[in-house]
Structures are given as C-alpha cells and as structure tokens.
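Next come the chains, spelled out residue by residue.
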Amino acid sequence: MDAAPPEGERPDERLRRWRMVLGEDGAEGTGHALTGHDAAMDGALTALYDGGKKPGGRGGAERSAGLGASAPSVARWLGDIRTYFPAPVVQVMQRDAIDRLGLSALLLEPEMLEAVEPDVHLVGTLLSLGKAMPETTRETARAVVRKVVDDLERRLATRTRATLTGALDRSARAARPRHRDIDWNRTIRANLKNYVSLPGREGGESAEGREGAGTVIPERLVGYGRTDRSVKKDVILCVDQSGSMAASVVHAAVFGAVLASMRTLATRLVVFDTAVVDLTDQLDDPVDVLFGTQLGGGTDINRALAYCQSRITRPADTVVVLISDLHEGGIRDGMVRRAAAMKASGVRFVTLLALSDEGTPSYDPEHAAALAALGVPAFACTPDHFPEVMAAAIGGRPLPIPDAGP
C-alpha cells in the first residue's frame, strides 16, 4: 500500500516529484503528465540520462532525441540546462555529457565553448584536447580557462598569502638575536617558567611595599623576523600531468602563481609525464602555465624527482611538494630512493595524491606505504586545506593530514 504523503504536501505535487525522479519510463505508473517548465527540465535530463530516447516522432514512434553529435542541438541543450538548473548542477551535467556521450570534439568549436558553464573539470577537458584544438578555438578556450583561474585566485590567493606569511615570519625569528632585534613581549612569555624571587624578599614585602617582587631570567631570547624581502624558503611543486590528475594540475598552476608572487619564496613549478618540463618562467600567468601542460601519457616520477633534486641548492630551506597518484611507470624503486635522499639532506618532502575538491583518488598504495615509512605521508588535499599544509611544511611542523586521507 502506498505511503501517505508528507503532511502539507498535495497528492498531485507528490506525483509530480515522483514523475521527475522516475523519468519517462515512470510516466504511466504515476499517471502525471508534465507541462511547461517541468516538461522542459525533463527533456534536458532525458536527452542526457535516458539513452537519448523520447517520444516525438511521427505516428507516435520513438526517435532519437539525445544530444548526438549535432553542434546546434548540443548548443541548445547547454542553453536549456543553464536556464533550468543552478550552476553547480549545470557543471555536473556538462561533465556527464562529455563523459557519457563523447562530446569532447564539439568543444573544439568556439560557439560551443561560449555556451558552456566554466569549471575546473571543463578546463581539464580543454587541456586534454591539447594540440587538436584549432587556432579559431584557442582564444575562446583561453577565455574560458581565464575565467576559472580568476575565480580560483579570488577564492584562494589572499588566505594563502596570509597563512604562509605568518609561517615564514615565525620560521625567520632569530634564535640569538642582537639586542635591538629582541622581541621582548615574546621573550618574556617564553621564559615565564624561569621567574624567580629576588634575594632577601621571599615571603615578605619589598622595600617599596610590593609583594612578591622578582625577575624573569631570559634563558631563550626571541627575535623579530627580518623585515627585508630576502628569499627565506625555496618551494618546488612537482606535478604529475597524467590524464587522471587534470583538476590537480589546474589548482597547482593557480597556487604556483600565488606562491611565485611572494618575494620571500622562490617557487619552481615542474610538470611531468614521461618527460619533464620546467614552467617556472611562466608562473606570472597561470593560464600560460596550463596551456604549457600536456595532459595524458605515461608517468616517470623518478625522472621528475631527479630533475627537482638537481635544482636544490639549500636543502634545509627547501620544500618539495610532489602531486601525483604515485602510479610510477619509470624506475619504481628509484622514486622512493630519491625521496629518501632529499629528506635525509634536510628537504621537507610532501606528497599529495590529489589537489582537488574530490574525495580520495585512485593511487598506488604500495608506493604510498613506502613513502609513509620514510616519514612522508601521502594524502589527498583540497585547495582550501593546501595553505595550512604548506604553512606546516615551511614551519617544520607536523602536517595537518585530513581525516579522510589514506
């Protein structure tokens, strides 16, 4: 027996909701016909998720009404879903259309790109098209990528700079400062445990009538961080550009540009598949960085780490961030040996299985366990959490590993 509708909900509204959930195949069971706005929404969903079949042919026969490979029909569909659904839902539907119906080739047309809702995954798809993209589409594609990058920078840049500036200031405090560089407030707080009463005044009042007079013995002096703009830390972002890492590549390019804008950091961005490309000279514009990548292909982490290792001049002041799913196609043991060598030299080595908003990615558990045995835990990291991870790495503190990490 059918359950009673929730209190306050009309029976026809309940049937309408079930009809929207069940789709075309459930129309007879609900006995509810969709009209107007609801019918348009249902048509957009049917075109994508119901195998492209819906009534409408002459004589009542079924005909194909999916997206197919027709650019005009896809453009209309993209316009429809932006009308009927909120932006986050539109982005999911676009991603599903590209994956389920193979519409990547249509993104090579400028008119199509102008109709889509830009997001990180769309950028990844555009980058994966790479050299197949004609010149007539390239400028439109850059505009789409620029919008996504600008949105990410607005969301992430200010907090990242503030978090890392604090970490750099703390790491720069002198252990044996000159007198004029002593931070007396922090020095007193750091030495309160060393408070002693002055001789001859215990248990009574001082000559001035004050009880408990004493002093703090400053065993440890705390100095101000230097106020100059000299480089305090070197950061190397080593990013896997295999196809599965597309979203991570987009976020790494944005963070690379943000870090490069901080004068107290010397930032290097290295991307790799079976070859290694240094994109440091393009870090002033993350869009240039992204169009300098080539998503897809194999993976040689060992070769990439060898290149990064050759660029390290100050091990104790260097942070290396490997962003990879650890599916190594090169010398499997070599990757772990290089990570161990860098860590032994004083480098702070961080491994991120992904730098994206998604959940735990697919990764090589054997290599993750080998790195963990070296004291280099491998975990996925969201863009919002990345500043805290970098601040801990710069400050030499334990990494704030998310609970959901492997």
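What counts, and at which threshold
- Residues numbered from 1 in each chain as written.
- Predicted model: local features only at pLDDT ≥ 70, side-chain atom pairs only at ≥ 80, totals over all residues.
- Heavy atoms only, no water.
- Phe/Tyr/Trp six-rings, centres within 6.5 Å; stacked < 30°, edge-to-face > 60°.
- Helix = DSSP H or I, 4+ residues; strand = E, 2+ residues; numbered from the N terminus.
- Buried < 20%, exposed > 50% of the residue type's maximum accessible area, 1.4 Å probe, protein only.
- Contact = heavy atoms within 4.5 Å.
- Axes fitted to C-alpha atoms, helices over the stretch in contact; angles between N-to-C directions.
- Parallel < 35°, antiparallel > 145°, perpendicular 65-115°, else oblique.
- Left-handed = near helix turned anticlockwise from the far one by under 90°.
- Nonpolar A, V, L, I, M, F, W, Y, C, P; charged D, E, K, R; others polar.

Under an unreviewed UniProt entry, the name given to the protein chain is VWA domain-containing protein, and the organism recorded is Streptomyces silvae.

Draft legend 1. Just the packing of aromatic side chains, in detail. This structure, assessed with the given rule, holds 1 aromatic pair. Judged by centre distance (4.5 Å) and plane angle (45°), the ring pair of Phe255 and Phe386 falls under tilted. Of the two residues, Phe255 sits in helix α10 (residues 246-260) while Phe386 sits in helix α15 (residues 386-395), which places them 131 residues apart along the sequence. With a relative accessible area of 1%, Phe386 lands in the buried category.

Draft legend 2. Structural context of the environment of Ile98. Tracing the chain through its elements places Ile98 in helix α5 (residues 87-101). Put simply, Ile98 and Thr125 are 27 residues apart on the chain and 8.6 Å apart in space, counted from C-alpha to C-alpha. Excluding residues within four positions of it along the chain, Ile98 makes contact with Leu103, Ser104, Leu107, Leu122 and Thr125.

Draft legend 3. Here's a closer look at the environment of Pro383. On the secondary structure map, Pro383 appears in the loop between β10 (378-381) and α15. Among the residues examined, Pro383 registers a relative accessible area of 0% and is labelled buried. C-alpha of Pro383 to C-alpha of Leu152: the two residues are 231 residues apart in sequence and 9.2 Å apart in space.

Draft legend 4. Just the packing of helix α13 (residues 332-344) against helix α14 (residues 365-373), in detail. Viewed as axis vectors pointing N to C, α13 and α14 meet at an angle of 25°, and their least axial separation amounts to 10 Å. Taken together, α13 and α14 sit at an angle that is classed as roughly parallel. Both α13 and α14 take part in a crossing whose hand is right-handed. Listed contacts from α14 to Arg332, Met335, Val336 and Ala339 of α13 are Glu366, His367, Ala370 and Leu371. Partitioned by chemical class, the residues of the contact of α13 with α14 number 5 nonpolar, 1 polar and 2 charged.

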